[in-house]
Structures are given as C-alpha cells and as structure tokens.
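Structure assessment
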There are 2 protein chains.
Amino acid sequence: MLAVAVAEARAGLAEGGIPIGAALFAVDGTLLGRGRNRRVQDGDASAHAETAAFRAAGRRRTYRDTVMVTTLSPCWYCSGLVRQFGIPRVVIGEARTFHGGHDWLAEHGVDITLLDDPVCAGLMRDFTAARPELWSEDIGRD
Amino acid sequence: MLAVAVAEARAGLAEGGIPIGAALFAVDGTLLGRGRNRRVQDGDASAHAETAAFRAAGRRRTYRDTVMVTTLSPCWYCSGLVRQFGIPRVVIGEARTFHGGHDWLAEHGVDITLLDDPVCAGLMRDFTAARPELWSEDIGRD
C-alpha cells in the first residue's frame with residue numbers, strides 16, 4: 001500500500017511540488033482514494049496529501065473499515081482529520097524528517113504503523129534541504 | 001466578523017448544504033478568505049467551513065496575524081488546521097449543538113472566544129433535527 005503513496009509523492013515532486021503522498025484503502029486492500037500535496041500545483045494551502053486522498057475517496061458514511069497510508073507523519077491538521085472521521089489505522093512511511101500528531105492519534109486508539117522507510121525519508125530529506133522555505137510554509141512554521 | 005461566517009452558513013443552507021460558515025481575517029479586520037461547508041454542493045467530504053475559508057485565503061507564509069471566525073465549534077480536523085498553522089485566535093458562534101476541539105486549542109495557547117450566538121445555534125439546531133443522517137456523515141459519526 002505504501003507504494004501508492006510513494007508514487008503520489010514522486011508525481012508531486014516531478015510537478016515541482018512537495019513530495020508527500022497518501023492513499024486511503026479499505027481494509028480488504030481496495031483503493032478508495034489517493035492524493036498528494038498540491039500546495040504548489042493548485043495554490044491550495046489546505047491540500048495536504050492525506051486530505052487530498054480523503055477528498056478523492058468521496059463521501060462515505062463511515063471510515064471504520066479504512067486505512068490511511070501516508071509517506072510522512074501526519075501534521076496536526078491531517079491527524080485531526082483521522083481522529084474526526086474515525087479512521088482506525090494509519091500506516092506512515094517515516095517520521096524522521098517531520099514528527100506530526102501520530103503519537104496523539106495512538107493515545108486516542110488509532111493503530112499506528114511507522115515503517116521508517118528509507119525511500120520516503122530520502123524524498124523529504126532532499127526536498128527540505130533544497131526548499132526549506134517552501135517546507136516551512138507547508139507546515140505553518142514562521 | 002461573525003456576520004460574514006453567518007452569511008456563508010445561510011448561503012450553504014440555501015444551496016441544500018450544511019449551514020456552517022467561516023472566515024479568516026487579518027487582525028486589522030481585513031477579510032482574507034471566507035467559505036462554507038461544501039460536502040453536499042461539491043461532494044467534498046474535506047470541505048468543512050474553516051478549511052474552505054483557509055483555502056480561499058490562498059498561500060500565506062504566516063498566520064500569526066490572523067483570526068479564524070466560525071459559526072460552530074471546530075471539529076478535530078479544523079482544530080488541527082488551526083493548531084498546525086499557528087492561527088492564534090478563534091471566534092466561535094456557538095458550541096451548544098456540537099462541541100469540537102476548542103478546549104484542546106485553548107490548552108495549546110489559542111485564544112478562544114465563544115459567543116453562544118442564538119442565530120448560529122438556531123441554524124444548526126434546525127438542521128440537525130431535519131437532517132440527522134447528513135450531520136452524522138459530516139462529523140464521521142457512524
């Protein structure tokens with residue numbers, strides 16, 4: 001499942017965007033929605049990868065049977081999304097380059113799998129070194 | 001400032017949508033972005049009012065000089081948005097019909113003004129009575 005999120009992150013990088021990707025799956029592995037950070041591409045500050053994947057999945061009555069997969073630890077905004085909509089499981093590519101709200105989600109009963117994937121970490125390490133101002137903007141860091 | 005958010009909520013109701021509105025202002029009162037819940041109108045589960053107003057404000061390097069005004073207590077998703085982007089102040093129309101994450105925001109230093117406005121409360125009371133299944137969907141309640 002991480003491969004879909006990584007493909008989104010790489011597509012974002014190729015577009016000149018921020019290389020973070022995500023996908024929402026059903027527990028049986030069915031892909032419900034996939035997306036990537038679109039701040040640069042769409043001028044949309046709200047389009048974080050997890051939110052983009054959630055949006056792409058359309059309207060749903062419940063998320064109890066879903067898994068959010070993301071290349072990077074979800075920020076507070078995307079962690080809030082997971083908590084509000086009751087997504088019970090999150091698979092995270094890495095949290096070395098950014099530590100978001102996944103501990104808080106775990107405290108509130110979300111099943112967190114942190115993979116420490118070198119491909120995900122490499123994408124963000126290279127990006128944050130090359131474009132620190134864009135990364136700061138994306139996470140609201142002055 | 002609440003009047004702008006209420007106008008958005010009413011416009012949403014007139015469109016057949018969920019009557020929650022929001023607006024992002026600069027501290028000097030300049031309107032930066034306004035929006036309303038667009039779940040029904042756009043089929044977009046991620047388009048909560050605060051997120052729509054944030055999106056409408058475009059890309060910004062900082063939110064330190066902004067105020068988020070919303071007709072209803074922000075859910076975890078929208079509370080996470082406020083925390084992640086460092087919006088220092090939130091003005092809330094009411095929290096009678098839904099109690100979101102504003103206490104958590106206050107614990108983390110956000111200045112919360114809760115108005116207990118009867119117009120905002122009336123809009124949501126009527127809506128949740130008329131469309132309980134749609135309201136449950138909007139907040140991820142099974």
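Residues numbered from 1 in each chain as written. Chains lettered and ligands numbered in written order. Predicted model: local features only at pLDDT ≥ 70, side-chain atom pairs only at ≥ 80, totals over all residues. Heavy atoms only, no water.

The condition is simple: UniProt positions are given in the numbering used here, feature names are shortened, and annotations may be inferred rather than shown by experiment.
In the annotation of an unreviewed UniProt entry, the entry for chain A reads Cytosine deaminase, and the organism field reads Saccharothrix australiensis. Regarding chain A, the UniProt comment filed under Pathway (unreviewed entry) reads as follows: "Pyrimidine metabolism." The annotation that UniProt attaches to chain A under Cofactor (unreviewed entry) is "Zn(2+)".

1. A few points about the overall build of chain A
The test is simple: Secondary structure is summarised from DSSP: a helix means a run of H or I of at least four residues, a strand means a run of E of at least two, and numbering begins at the N terminus for each. In this setup the radius of gyration rests on C-alpha atoms only. A globule is expected at 2.2 Å times the number of residues raised to 0.38. Partly exposed describes any residue whose relative accessible area lies between the buried limit of under 20% and the exposed limit of over 50%, with all areas from a 1.4 Å probe on protein chains only and scaled to the type maximum. Only heavy atoms enter the contact rule, under which two residues are in contact if any of them lie within 4.5 Å. In these tables, accessible area is a Shrake-Rupley quantity obtained with a 1.4 Å probe, and a residue counts as shielded only by the protein chains included in the view. Asp and Glu count as negative and Lys and Arg as positive, but His and the ends of the chain are not part of the count. Throughout, a charge is located at the NZ atom of Lys, the CZ atom of Arg, the CG atom of Asp or the CD atom of Glu.
Assigned secondary structure in chain A consists of seven helices and five strands. Counting from the amino terminus, chain A carries its helices and strands in the arrangement α-β-β-α-α-β-α-β-α-β-α-α. By the compact-globule yardstick of 14 Å for 142 residues, chain A fits well, its C-alpha radius of gyration being 14 Å. Here chain A holds 142 residues, and 60% of them are scored as buried. Sequence separation of 24 or more characterises 53% of the internal contacts of chain A that already satisfy a separation of 6 or more. Here chain A has roughly 5,300 Å² of accessible surface; of this, 51% comes from carbon and sulfur atoms. A gap of 5 Å separates the mean positions of the 16 positive and 18 negative side-chain charges of chain A.

2. A few points about the interface of chain B and chain A
What counts is decided by this rule: Summed over both partners, the accessible area lost on bringing two parts together, with a 1.4 Å probe, is the buried area. Every case where a carboxyl oxygen of Asp or Glu lies within 4 Å of a side-chain nitrogen of Lys or Arg is listed as a salt bridge. Here a polar contact is recorded for every N or O atom pair within 3.5 Å, except that within protein the pair must consist of a potential hydrogen donor and a potential acceptor, and residues adjacent in sequence are included only if both atoms are side-chain atoms. Throughout, the ten residues Ala, Val, Leu, Ile, Met, Phe, Trp, Tyr, Cys and Pro are labelled nonpolar, Asp, Glu, Lys and Arg are labelled charged, and all others, Gly among them, are labelled polar.
Each side of the interface is counted separately: chain B has 34 residues, and chain A has 34 residues. Buried surface at the junction of chain B and chain A, summed over both partners, amounts to about 3,200 Å²; 51% is from carbon and sulfur atoms. Linking chain B to chain A there are eight salt bridges. At the boundary of chain B with chain A, the tally comes to 19 residue pairs in polar contact (both at pLDDT 80 or more). Elements with a minimum of two residues in the side of chain B that touches chain A: helix H2 (39–42), helix H3 (49–56), helix H4 (76–84) and helix H7 (132–138) of chain B. The residue inventory of the side of chain B that touches chain A, partitioned by class, reads 13 nonpolar, nine polar and 12 charged.

3. Considerations on the relation of the copies chain B and chain A
Under the convention used in this document: Only residues with pLDDT of at least 70 in both copies contribute their C-alpha atoms to the least-squares superposition of the copies.
The two copies are related by a screw motion: chain B maps onto chain A through a turn of 180 degrees and a shift of 0.0 Å along the axis, at an RMSD of 0.0 Å. Here the transformation between the copies is reduced to the relation of a two-fold axis. Closest approach to the rotation axis within chain B is made by the C-alpha atom of B:Gly80, at a distance of 2.5 Å. Counting the interface residues of chain B, we find that 100% of their copies in chain A are interface residues as well, pointing to one common contact surface.

4. Quick look at the packing of aromatic side chains
Rules: Within 6.5 Å between ring centres, the rings of Phe, Tyr and Trp (the latter by its six-membered ring) count as paired, and their orientation is classed by plane angle as stacked under 30 degrees, edge-to-face over 60, tilted in between. Counted as over-ring charges are cases with an Arg CZ or a Lys NZ within 6 Å of the ring centre that also lie within 35 degrees of the ring normal.
Tallied over the entire structure, the rule returns 16 aromatic pairs over all chains. On the numbers, 5.4 Å between centres and 75 degrees between planes, the contact of B:Trp76 with B:Trp104 is edge-to-face. Note that B:Trp76 is positioned in helix H4 and B:Trp104 in helix H5 (residues 102–107), a separation of 28 residues in sequence. A relative accessible area of 9% places B:Trp104 in the buried class. Ring pairing ties together the aromatic residues A:Phe54, A:Tyr63, A:Tyr77, A:Phe85, B:Phe54, B:Tyr63, B:Tyr77 and B:Phe85, which thus form one cluster. Lying across the ring of B:Trp76, A:Arg83 places its NZ or CZ 3.8 Å from the centre.

5. Some thoughts on the UniProt feature "domain: CMP/dCMP-type deaminase" (unreviewed entry) in chain A
Feature annotation in UniProt assigns "domain: CMP/dCMP-type deaminase" (unreviewed entry) to the following positions: residues 1–112 of chain A. When the span residues 1–112 of chain A is considered, its composition is 36% helix and 24% strand, and the gap between its end C-alpha atoms is 14 Å.

6. Re the pairing of strand E2 (residues 31–36) of chain A
Residues and elements named next belong to chain A. Heads up, the condition is: Criterion used throughout: strands pair if DSSP finds at least two bridges between them.
Relative to E2, strand E1 (residues 21–26) is paired through five bridges, and the arrangement is antiparallel. Note on E2: the bridge partner recorded for Phe25 is Leu31. In this structure, the hairpin formed by E1 and E2 is closed by a connection of four residues, where Gly29 is found at a positive phi of approximately 95 degrees.

7. Observations regarding the pairing of strand E4 (residues 89–94) of chain B
All names here are of chain B. Convention followed: Viewed with both strands pointing away, a crossover whose connecting path from the first strand over the helix to the second turns clockwise is right-handed.
When you tally the buried positions in E4, you get five out of six residues, the bulk of the element. Here strand E3 (residues 66–72) pairs with E4 via five bridges, running parallel. By the bridge assignment for E4, Leu72 is matched with Glu94. Taking the sense of rotation as the criterion, the β-α-β connection linking E3, H4 and E4 turns out right-handed. Regarding the hand of the β-α-β motif, the stretch spanning E4, H5 and strand E5 (residues 111–114) is right-handed.

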